Amino acid sequence: MAVAFDEMNIPGGDLRPAYQELARWLKETPPEALEYRRQEAELLFRRIGITFAVYGEAESTERLIPFDVIPRIMSGREWTLLEKGLKQRVRALNMFLRDIYHGRDILRAEIVPDDLIFQNPVFRPEMNGQQVPHDVYVHIAGIDIVRVDAEDFIVLEDNARTPSGVSYMLENREIMMRLFPDLFARHRVAPVERYPDELLAALRSVAPQSASSEPTVALLTPGVYNSAYYEHSFLADKLGIELVEGRDLIVKNNEVFMRTTEGLKRVDVIYRRVDDDFLDPLTFRPDSVLGVPGLMSAYAAGNITLANAVGTGIADDKAIYSYMPDIVKFYLGEEPILKNVPTWRCREPKDLAYVLDNLSELVVKEVHGSGGYGMLIGPAATKATIEAFREKLKREPEGFIAQPTLALSTCPTCTASGLAPRHVDLRPFVLTGSKSTTIVPGGLTRVALKEGSLVVNSSQGGGTKDTWILDE
Amino acid sequence: MLSRTAENLYWLARYVERAEYLARTIDATLRVTALPAAYIGKTNEWDSALLTAGVAASFYQTYEEANEHNVVEYLSFSADNPSSIRNCIESARLNSRSVRTALTSEMWDTINSAWIELQAVWSKGASTREELAKFLRFVQETSLRFDGSAYRTMLRNDAYWFSRMGVHLERADNTARILDVKYHVLLPEEEHVGGPLDFYQWSSILRSVSALTAYHWVYRETLKPWLIADLLILNDTLPRSLASCYGNLVRNLDQIGVAYGRQGAAQRHARGIRNRLEHSNMNDIFQHGVHEFIQEFITDNSRLGEIITKQYLI
């Protein structure tokens, strides 16, 4: 694997401009002071209760995501390019979804194969012909971005269902500002605190026509045992909207109401953090206790807006991912600004043959997996693991895609033996309302804390960093 | 607001109040049992503590004897006792998590810190009396901090009123229960057999509702059972008296009634109890029978809890 691109240091000893002030500050700051701040940050996270749950671990149902106090910094120029690319990508995602559930031009043009859509479990036939307000399907997108050099931003994954992590973006910043006021004074960091306002504006802008002029928005959570529960309560609080569970909602005459101390109150927009499968036991999984019976008929009647819309999984599916550059070109007639990772589709015999021959160098992912589970990282895997995976792959090739192992960029990070480079990715959050698409400058930087590790997922030992976009 | 939110706020406040009451009860019992036997007679004070906590029946399913070790363990740290202090704090934290959006950050911090301390410091219980004393202080301080942060930081809207109703309903229940268990030592002198030794019983009652000093300020008298009963039942200047709790409950329910533009069974029922307390005097109560009076009150009070639940919380 090639030497990773370091976002702070240029080979040869120079610093990239965005990091110069930080480097000066680090030189003046004794390592004990950093360690002390790190402990303080951890204490704050625990006290505020910024925790997440790891499924399958009886012992500790609430854990902290490790927080690294060294910020990850990008220049305003880099951000402008990235922002343009993200907007383009999300516009294409929305147009693709609108097309898939209506005219299906893209299938007729044979850009995307039919069976990838119709045989895909995340395709929702219930959405065929369903109008969604302003044709917005993906109101909140989390696009995972990695860098391998100074020029390009590469999309690792589109998250168009219920992307999480934005609370960390906001809380990391709050905590950094508390711990390092001096460091902020020495930089011009673009603020992120407008995110909740922009999210609320986007959600209100897509209220159904039958809503009053002051639409009621609620956030639907699976409940306190969900791994992202903290984020749900955090956002509801920042937005000033009710945090509801399925049992708080009831559907009457195809309208959705919440049970309040003053009786039933109509809800117009639901920012739902419950997966499609669990939304409505009458339409989807009948055993779901998280959902609201009848919600889908109120949705079909156009009396409720769900954000994100039902069926968006078909756009962020890993099988569809490899077609994204073509999807962007097809709908927008533009060259994609953000690159894709070269991807071998194991469903295609030629690609499969190549993948099977090169397993030890590739990353193989399950098409429907998430959170870093069920994937093979060839270069880091033992022979036995690779052979076991080979069998799985042969049995069900259409369930997998493969990509080269990317040398993700690195950033300086606190480790037991002082500052050292660690691999990072970035998840900016893209909001789409009736009129505009907005992105607060920044996002969630995830960092693989183990030396050499490329897995940034919090469920597998990843941490987070505050992400600074310099306002130049 | 969501019914579920109101319900969680109401129960959260009840759990915190209950934890404090249990801590005070244990504290008072420790004091009285530390006295030489000649001063307190033959009653088993640990058994009374269980009765005032309302958990005697379940206690004896696990334990043979109500002694200091067993009762302290059961009331403070037991995972099996749903209303042990530990479980009250656990439940309070779970409720807080469900209604984080309705809590101020100060209130959340109080409960969350208490829960963290409970796990970090008290997971194995208290092995000495000194440790126990520290634990009881921690519980009381948590409750004070919670109450104080609610008072100082919450918006005065339905969320606040539901939370206060939880406090007052629980408090009224606690005060009534201690009277229920100890009423016999409060009977007028000619009727009971305890003699002057009851002084320590009386002060113990006052201590468990943090009213010992208040008593002296209100009556400027030595401890007299008649006046103790008066203080705890009818004196609305004492925050833990039944009269004061009901003054507050009626006020909170009225505030909700005004905000929502309608009254209901809860308002009427609470007002009925308050009027009864307002128009009683100790003479009548003793004539009628303190014990009967208190038992009726306990029933009426839990009835109010049911009515509030039906009217607002489900």
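Keep in mind that this is a model prediction, so the values were computed, not measured. (Residues numbered from 1 in each chain as written. Chains lettered and ligands numbered in written order. Predicted model: local features only at pLDDT ≥ 70, side-chain atom pairs only at ≥ 80, totals over all residues.)

1. Points about the overall build of chain A
When you go through chain A residue by residue, the secondary structure sums to 16 helices and 21 strands. Radius of gyration (C-alpha) of chain A: 22 Å, near the 23 Å computed for a compact globule of 472 residues. Within chain A, the proportion of its 472 residues that are buried is 45%. Sequence separation of at least 24 residues holds for 68% of the intrachain contacts in chain A that already meet a minimum separation of 6. (Helix = DSSP H or I, 4+ residues; strand = E, 2+ residues; numbered from the N terminus. Rg over C-alpha atoms; globule rule 2.2 N^0.38 Å. Buried ≥ 20, exposed ≤ 12 C-beta atoms within 10 Å, placed from the backbone. Contact = placed C-beta atoms within 7 Å.)

2. Notes on the domain arrangement of chain B
All names here are of chain B. In terms of domain boundaries, chain B breaks down into domain 1 (1–154) and domain 2 (156–314). Each of domain 1 and domain 2 has a C-alpha centre, and these two points are 20 Å apart. When contributions to the side of domain 1 that touches domain 2 are tallied by element, the ones reaching two or more residues are α1 (3–33), α2 (37–40) and α3 (45–53). Among the elements that take part in the side of domain 1 that touches domain 2, α1 stands out by supplying 17 residues, more than any other. Classifying every residue of the side of domain 1 that touches domain 2 gives 17 nonpolar, six polar and six charged. (Domains from an automatic or database assignment. Nonpolar A, V, L, I, M, F, W, Y, C, P; charged D, E, K, R; others polar.)

3. Describing unusual backbone geometry
Residues and elements named next belong to chain A. For the peptide bond that leads from A307 to N308, omega is -5°, which places it in the cis range. Mapped onto the elements, N308 comes out in the loop between β10 (305–307) and α12 (313–316). A positive phi angle, close to 60°, is found at R104, a residue other than glycine. Within the element layout of this structure, R104 appears in the loop between α3 (76–100) and α4 (105–108). Of note, the phi angle at N254 is positive, near 60°, even though the residue is not glycine. In this fold, N254 is placed in the loop between β6 (249–252) and β7 (255–260).

4. A word on the packing of α1(B) against α3(B)
All names here are of chain B. At their nearest, the axes of α1 and α3 sit 10 Å apart, and the two run at 165° to each other. Taken together, α1 and α3 sit at an angle that is classed as roughly antiparallel. For α1 against α3, the interelement crossing comes out right-handed. When α1 is examined against α3, the residues L22, T25, I26, T29, V32 and T33 are found in contact with a partner set consisting of E45, W46, A49, T52 and A53. (Axes fitted to C-alpha atoms, helices over the stretch in contact; angles between N-to-C directions. Parallel < 35°, antiparallel > 145°, perpendicular 65-115°, else oblique. Left-handed = near helix turned anticlockwise from the far one by under 90°.)

5. Some words on helix α16 (residues 290–313) of chain B
Counted at 1.5 Å a residue, the expected span for α16(B) with its 24 residues is 34 Å, and the 33 Å between its end C-alpha atoms agrees. Buried within α16(B) are the following residues: B:V290, B:F293, B:I294, B:F297, B:N301, B:L304, B:I308 and B:Y312. (Expected span 1.5 Å × (residues − 1).)

6. Re the sheet that holds strand β15 (residues 400–404) of chain A
Sheet strands associate in pairs through backbone hydrogen bonding, adopting either a parallel or an antiparallel arrangement. All names here are of chain A. The antiparallel open sheet is built from four strands, whose spatial order is β12-β15-β13-β14. Two strands in the sheet have a free side with no partner beyond their single neighbour: β12 (344–345) and β14 (376–377). As paired elements, strand β13 (residues 362–366) and β14 share two bridges and run antiparallel to each other. Counterpart to V364 in the pairing with β14 is L376. (Pairing = 2+ DSSP bridges.)

7. As for the interface of chain A and chain B
Contacts between the two partners involve 16 residues from chain A, matched on the other side by 18 residues from chain B. Of all the secondary structure elements, the ones that give two or more residues to the side of chain A that touches chain B are α2 (31–48), α9 (229–239), β5 (242–244) and β7 of chain A. Of the residues in the side of chain A that touches chain B, the class split is five nonpolar, four polar and seven charged.

8. Re the pairing of strand β16 (residues 410–415) of chain A
One face of the sheet, then the other: side chains in a regular strand alternate in exactly this way. Residue and element names in this part refer to chain A. The element β16 is largely enclosed, with a buried count of five among its six residues. The pairing of β16 with strand β17 (residues 418–427) spans six bridges and is antiparallel. What sits directly across from T413, in β17, is A420. Linking β16 back to β17 in an antiparallel pair, the connection comprises two residues.

9. Thoughts on the confidence of the model for chain B
On average, residues of chain B carry a pLDDT of 90, and 95% of them reach 70 or more. The least confident element of chain B is α2(B), whose mean pLDDT is 68; the most confident is helix α13 (residues 242–260) of chain B, at 97. (pLDDT = per-residue confidence, 0-100.)

10. Section: the domain arrangement of chain A
Often, the extent of an interface is quoted as the loss of accessible area on bringing the components together. All names here are of chain A. For chain A, the domain assignment lists domain 1 (78–143 + 195–330) and domain 2 (345–402). Here the C-alpha centroids of domain 1 and domain 2 sit 31 Å apart. For the side of domain 1 that touches domain 2, the per-class residue count stands at one nonpolar, one polar and two charged.

11. Description of the sheet that holds β10(A)
Residue and element names in this part refer to chain A. Spatially, four strands are ordered β5-β4-β9-β10 in an open sheet, and the strand pairing comes out parallel. At either end of the open sheet lies a strand with only one pairing partner, and these are β5 and β10. On average, each strand axis in the sheet is inclined to that of its neighbour by 30°, with strand direction left out of account. Pairing geometry for strand β4 (residues 217–220) and strand β9 (residues 269–272), over four bridges, is parallel. In the sheet register, L220 faces β9, and the bridge partner there is R272. Across the face of the sheet, α9 comes into contact with β4 and β5 while running at roughly 150° to β5.

12. Description of the environment of A:N94
Residue and element names in this part refer to chain A. Within the secondary structure, N94 is located in helix α3. Its 25 C-beta neighbours within 10 Å are what place N94 among the buried residues. Between the C-alpha atom of N94 and that of Y137, which follows or precedes it by 43 residues, the distance is 5.7 Å. Dropping the residues within four chain positions of it, N94 is found in contact with D135, V136, Y137, V138 and T432.

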